[in-house]
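Residue-level structural notes
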Amino acid sequence: SHSFDLGKQLGQGSFGTVFRLKKHPNRCLKLVACSPAVNLDKEISSSSLHGEVSDCPWIVSIYEFGLIKQGRKDTKTHTSSSGLHKTYCAYNIMEVCRGGELFDAISNLAYTHDTKLTNTVCRRLIEALCTLEKTGIVHCDIKPENIMLAIGAPYVVDYTSVRIVDFGGAVMTGSISGTSTVAYRSPEQMRSPNIVTCKSDVFSMGLIFALILFYSADYKCIPGYSFFDQWMNATSEHEYMTARRQW
């Protein structure tokens, strides 16, 4: 029964695509189509968990989520665990963050030699993690690409206005880990069974803080920088673990 007036495509991930909504310029729509690799039940569950914490100012707001039918008639059928077919998509409507990813801000040296700015960002991200812990939710994929920045007045990036996004891998504490990125995984996410708690997100956030603090124009003068480089550019799990331990 839903009909969305889609605007510009804002981004695309492994499973989902994000569009701006023409009638609501400060909101965007994320669509995740059912496929053999996607469980729509899990998508709805993750959106529900996101909704429990979206009142936190440092977590992206989610306004609505659910299932809609796709318009294509020639789509091959794949069945998820709930019996839903590929003609359905999971969707959620969220706040638009126009300031880009935290990773880009770090790469552009936005926090270099600015202790006050760095402290503010780290404190706000810790506040977001405290909100997750209080509700028993583990994000499971904390990384700079999943932290967005908002636009302040007059239409410039506010490097302290952070938002944690992408709750697609979120689970309740004590559950098996959801989707995660190798470079920011906690040790328990490497184990089998990989049962996670809020400590897993704290570990990942600690790696981000290290990146904010050490990634600068002159960070190569810091002892161990070569291992830091190897860690951030690892192409396999073995390379990543070896470099991180050495660093």
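Everything in this summary refers to the structure shown in the same document. (Residues numbered from 1 in each chain as written. Predicted model: local features only at pLDDT ≥ 70, side-chain atom pairs only at ≥ 80, totals over all residues. Heavy atoms only, no water.)

Some words on the overall build of the protein chain
Here is the rule we go by: Each helix is a run of H or I in the DSSP string that is no shorter than four residues. Each strand is a run of E no shorter than two, and both are numbered from the N terminus. Whether two residues touch is decided by their heavy atoms; if any such pair falls within 4.5 Å, the residues are in contact. Per-residue accessibility takes into account occlusion by the displayed protein chains alone, with areas from the Shrake-Rupley method and a 1.4 Å probe.
Broken down by element type, the protein chain carries seven helices and nine strands. Residue pairs in contact within the protein chain that sit at least 24 positions apart in sequence constitute 60% of those at least 6 positions apart. Accessible surface for the protein chain amounts to roughly 13000 Å². Of this, 52% is attributable to carbon and sulfur atoms.

Notes on the environment of Ser200
Checked against the element boundaries, Ser200 lands in helix α5 (residues 198–214). The residues contacting Ser200, other than those within four sequence positions of it, are Val138, Ser186, Glu188 and Gln189.

Some details on the pattern of salt bridges
Test applied: Take a side-chain nitrogen of Lys or Arg and a carboxyl oxygen of Asp or Glu: if they are within 4 Å of each other, that pair is a salt bridge. Buried residues are those whose accessible area, probed at 1.4 Å on protein chains only, stays under 20% of the maximum for their type, while exposed residues exceed 50% and partly exposed ones sit between those limits.
Taken as a whole, this structure holds three salt bridges when the rule is applied. One salt bridge connects Arg163 with Glu95, and the closest N-O pair in it is separated by 3.0 Å. Residue Arg163 is located in strand β8 (residues 156–164), and its partner Glu95 is located in strand β5 (residues 88–95); the two are separated by 68 residues in the primary sequence. A relative accessible area of 12% places Arg163 in the buried class.

Re the state of the cysteines
To keep it simple, the criterion reads: Disulfides are defined as pairs of cysteine sulfur atoms found within 2.5 Å of each other.
Taken as a whole and assessed by the stated rule, the structure comprises zero disulfides. With no disulfide of its own, Cys28 lies closest to Cys97 among cysteine sulfurs, the gap being 7.5 Å.

Some details on the side chain of Thr118
Here Thr118 is to be found in helix α3 (residues 115–135). Beyond its immediate sequence surroundings of up to four residues, Thr118 is in contact with Tyr111, Ile212 and Leu213.

Overview of the nonpolar core
Burial of nonpolar side chains together is a common tendency in soluble globular proteins. Formally: As used in this record, nonpolar core signifies buried Ala, Val, Leu, Ile, Met, Phe, Trp, Tyr and Cys residues forming a set joined through side-chain atoms within 4.5 Å.
Residues Tyr111, Ile164 and Met205 are the most contacted members of the largest nonpolar core, which totals 33 residues. In terms of residue count, the dominant contributor to this core is α3 (seven residues). If we ignore the near neighbours within four places in the chain, the residues touching Met205 are Leu125, Leu129, Ile142, Ile147 and Ile164. Counting residues in each nonpolar core, the second largest holds eight residues, with Leu21, Leu31, Ile68 and Tyr91 among its members.

Re α3
For an α-helix, 3.6 residues make a turn, and residues three or four places apart therefore share a direction. Selection rule: How far a helix is expected to stretch is found by multiplying one less than its residue total by 1.5 Å. Note that the arc is computed from the directions linking the helix axis to the C-beta atoms.
End to end, α3 covers 31 Å across 21 residues, agreeing with the expected 30 Å (1.5 Å per residue, within 8%). Looking at α3, one finds that the buried residues are Leu117, Thr118, Val121, Cys122, Leu125, Ala128, Leu129 and Leu132. Across the axial projection of α3, the buried residues extend over an arc of 125°, all falling on one side. Away from its buried face, by an angle of more than 90 degrees, α3 presents the exposed residues Thr115, Lys116, Arg123 and Lys134. A positive backbone phi angle near 75° is found at Gly136, which sits one or two residues after α3.

Section: the packing of aromatic side chains
To keep it simple, the criterion reads: The rule is short: rings of Phe, Tyr and Trp, with Trp giving its six-membered ring, pair when the centres are within 6.5 Å, and they are stacked under 30 degrees, edge-to-face over 60, tilted in between.
Across all of its chains, the model carries two aromatic pairs by this definition. Ring geometry for Phe4 versus Tyr91: centroids 5.3 Å apart, planes at 55°, classification tilted. You can see Phe4 sitting in the segment before β1 (6–12) and its partner Tyr91 sitting in strand β5, a full 87 residues away along the chain. For Tyr91, a relative accessible area of 3% gives the class buried. Taking 6.1 Å as the distance between ring centres and 80° as the angle between the ring planes, the aromatic pair formed by Tyr111 and Tyr159 counts as edge-to-face. Taken together, the positions of Tyr111 in the loop between α2 (102–107) and α3 and Tyr159 in strand β8 put the pair 48 residues apart, joining distant regions of the chain.

Re helix α1 (residues 40–53)
Selection criterion: In protein, a polar contact means a hydrogen-donor-capable atom and an acceptor-capable atom, both N or O and within 3.5 Å, with residues adjacent in sequence counting only if both atoms are side-chain atoms; elsewhere, any N or O pair within 3.5 Å suffices.
For α1, with 14 residues, the first-to-last C-alpha span of 21 Å sits near the 20 Å given by 1.5 Å per residue. If you check which residues of α1 are buried, you get Leu40, Glu43, Ser46, Ser47, Leu49, His50 and Val53. Packed against the buried residues of α1 are β3 (24–33), β4 (62–69), β5, α3, β6 (137–138) and β9 (171–172). By the N-cap criterion, in which a side-chain oxygen at the helix start approaches the backbone nitrogen of a residue two or three places on, α1 is capped by Asn39, the distance to Asp41 being 2.8 Å.

That's the geometry; what it means functionally is another story.
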